[in-house]
Amino acid sequence: MTTGISTAPRRRSPARTFLPLAITAWLILEIWLLTVVADVAGGLAVAALLAGGIVLGALVIKRAGRRAFKNLSDTFQQAQQGRQPAPQEPGRGNGLTMLAGLLLMMPGLLSDVAGLFLLLPPVRAWIGRRAARSLERKMASAPAGSFGDAFQQARIHYPDGKVVQGEVVREDRPEGPAGPDTGHRPPLAP
């Protein structure tokens, strides 16, 4: 008797294979760099670098959070006044800035360098554009009825906000008298 369920082992995705290895290599490299800097400049200098990264990262995250809250309140005010808020271009948001602050707060020199590069506006804009293109490609190739399809439906924009009442007429229905046995239903609203 077969159940239709495959008993063959599932193939592991490359991301699941290499991501733990990459994280382990990154951690080992971070520790090695900290020991090299400690040998050259001393333990107090390493402690000062780590503390400075934490303080700078906290300031960056705080600033990005305030800017995000201000943008949100401005959007709500514009919506209450009936104006359409202007869409933001990729890379101008606060998500990548907060990621930069988080990288700065993480202990390690490589993460600090990555966070500092992410604070540069051209780098942030380039990464934002790449991420937006990648997301749009993945959402466009998503099968119907999936999360990607719901995301695309949510992005549909009606400029005047009007809803038009109507009825769907199916052409594949057999002709016959309208009644309970044919499955015809009246519209929800007159």
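Starting afresh in each chain, residues are numbered from 1 along the sequence in its written order. pLDDT decides what is reported in this predicted model: residues at 70 or higher carry local features, side-chain atom pairs at 80 or more are listed and counted, and totals for whole chains, interfaces and linings draw on all residues regardless. The basis for the side-chain values is all heavy atoms of the structure; hydrogens and waters are excluded.

Novice: Explanation requested: the overall build of the protein chain in the structure shown.
Specialist: Counting from the N terminus, the helices are the DSSP runs of H or I reaching at least four residues and the strands are the DSSP runs of E reaching at least two. Along its length, the protein chain carries 6 helices and 0 strands. Considering the protein chain as a whole, with its 190 residues, one finds that 14% of them fall into the buried category. We call two residues in contact whenever any of their non-hydrogen atoms come within 4.5 Å of each other. Within the protein chain, counting contacts between residues at least 6 apart in sequence, those at least 24 apart form 56% of the total. Per element, the accessible surface of the protein chain, about 15500 Å² overall, is 65% carbon and sulfur. Accessibility here uses a 1.4 Å probe with only protein chains present; expressed as a share of the type maximum, an area under 20% marks a residue as buried, one over 50% as exposed, and anything in between as partly exposed. Residue-level accessible areas treat just the shown protein chains as cover; the underlying method is Shrake-Rupley with a 1.4 Å probe.

Novice: How should I be thinking about the packing of helix α1 (residues 14-41) against helix α2 (residues 43-80) in this particular structure?
Specialist: Packed helix pairs are characterised by how far apart their axes lie and by the angle those axes make with each other. Axes, fitted as lines to C-alpha atoms, cover a helix only where it is in contact. Angles between the N-to-C directions of the axes lie from 0 to 180 degrees. Relative orientation of the contacting elements α1 and α2 amounts to 130°, with a least axis distance of 7 Å. Considering the angle they form, α1 stands oblique to α2. Contacts between α1 and α2 involve L34, V37, A38 and A41 from the first element and G43, A45, V46, L49 and L50 from the second. Each residue is assigned to one of three groups, with Ala, Val, Leu, Ile, Met, Phe, Trp, Tyr, Cys and Pro labelled nonpolar, Asp, Glu, Lys and Arg labelled charged, and all others, Gly among them, labelled polar. Partitioning the contact of α1 with α2 into residue classes produces 8 nonpolar, 1 polar and no charged. To sort the angles, those under 35 degrees are grouped as roughly parallel, those over 145 as roughly antiparallel, those from 65 to 115 as roughly perpendicular, and the leftovers as oblique.

Novice: For this particular structure, what's the right way to read the side chain of N94?
Specialist: Along the polypeptide, N94 turns up in the loop between α2 and α3 (95-105). The class of N94 is buried, set by a relative accessible area of 9%. Residues in contact with N94, not counting those within four places in the same chain, are A64, R67, A68 and N71.

Novice: Any chance you could explain α2 here in plain terms?
Specialist: Count 3.6 residues to each turn of an α-helix, and residues three or four apart come out pointing the same way. Counted at 1.5 Å a residue, the expected span for α2 with its 38 residues is 56 Å, and the 55 Å between its end C-alpha atoms agrees. Along α2, the residues classified as buried are V46, G53, G57, V60 and A64. Buried residues along α2 sit against α1, α3 and α4 (109-119). Just past α2, the residue G82 takes up positive phi, approximately 85°. Helix span is expected to be 1.5 Å times the residue number reduced by one.

Novice: Would you take a moment to explain the packing of α2 against α3 for this structure?
Specialist: At their nearest, the axes of α2 and α3 sit 7 Å apart, and the two run at 165° to each other. Here α2 is positioned roughly antiparallel relative to α3, judged by the angle of their axes. Seen from above, α2 lies across α3 with left-handed handedness. Counted together, G53, I54, L56, G57, A58, V60, I61, A64, G65 and R67 of α2 and T97, M98, G101, L102, L104 and M105 of α3 form the full contact between these two elements. Crossings are sorted by hand: turned counterclockwise from the far helix by less than a right angle, the near helix makes the crossing left-handed, and turned clockwise it makes it right-handed.

Novice: Explanation requested: a positive patch on the surface in the structure shown.
Specialist: Among the surface-exposed residues, R129, R130, R133, R137 and K138 lie close enough to one another that they form a single positively charged patch. Residue placement: R130 occurs in helix α5 (residues 121-140). Think of a patch as exposed residues, more than 30% relative accessible area, with no salt bridge, where like charges cluster within 9 Å and nonpolar side chains (Val, Leu, Ile, Met, Phe, Trp, Tyr) cluster within 5 Å. Salt bridges are defined by distance alone: a side-chain nitrogen of Lys or Arg within 4 Å of a carboxyl oxygen of Asp or Glu. Under this rule, positive means Lys or Arg and negative means Asp or Glu; His and the chain ends count for nothing. Note on charges: their place is set at NZ of Lys, CZ of Arg, CG of Asp or CD of Glu.

Novice: When you look at a nonpolar patch on the surface in this model, what are you seeing that I'm missing?
Specialist: Taken together, L29, W32, V36, V40 and L110 make up a surface patch of nonpolar side chains, about 460 Å² in accessible area. Looking at which element gives the most residues to the nonpolar patch, the answer is α1, with 4 residues. Summarising the element assignment, V36 is placed in helix α1.

Novice: Would you explain the side chain of T97 in this entry?
Specialist: The residue T97 is located in helix α3 in this model. Once residues within four sequence positions are removed from consideration, T97 is found in contact with V60, A64, R67, L119 and R124.

Novice: What am I meant to see in the environment of T35 here?
Specialist: Residue placement: T35 occurs in helix α1. For T35, a relative accessible area of 39% translates into the label partly exposed. Placed 11 residues apart in sequence, T35 and V46 show a C-alpha to C-alpha distance of 8.7 Å.

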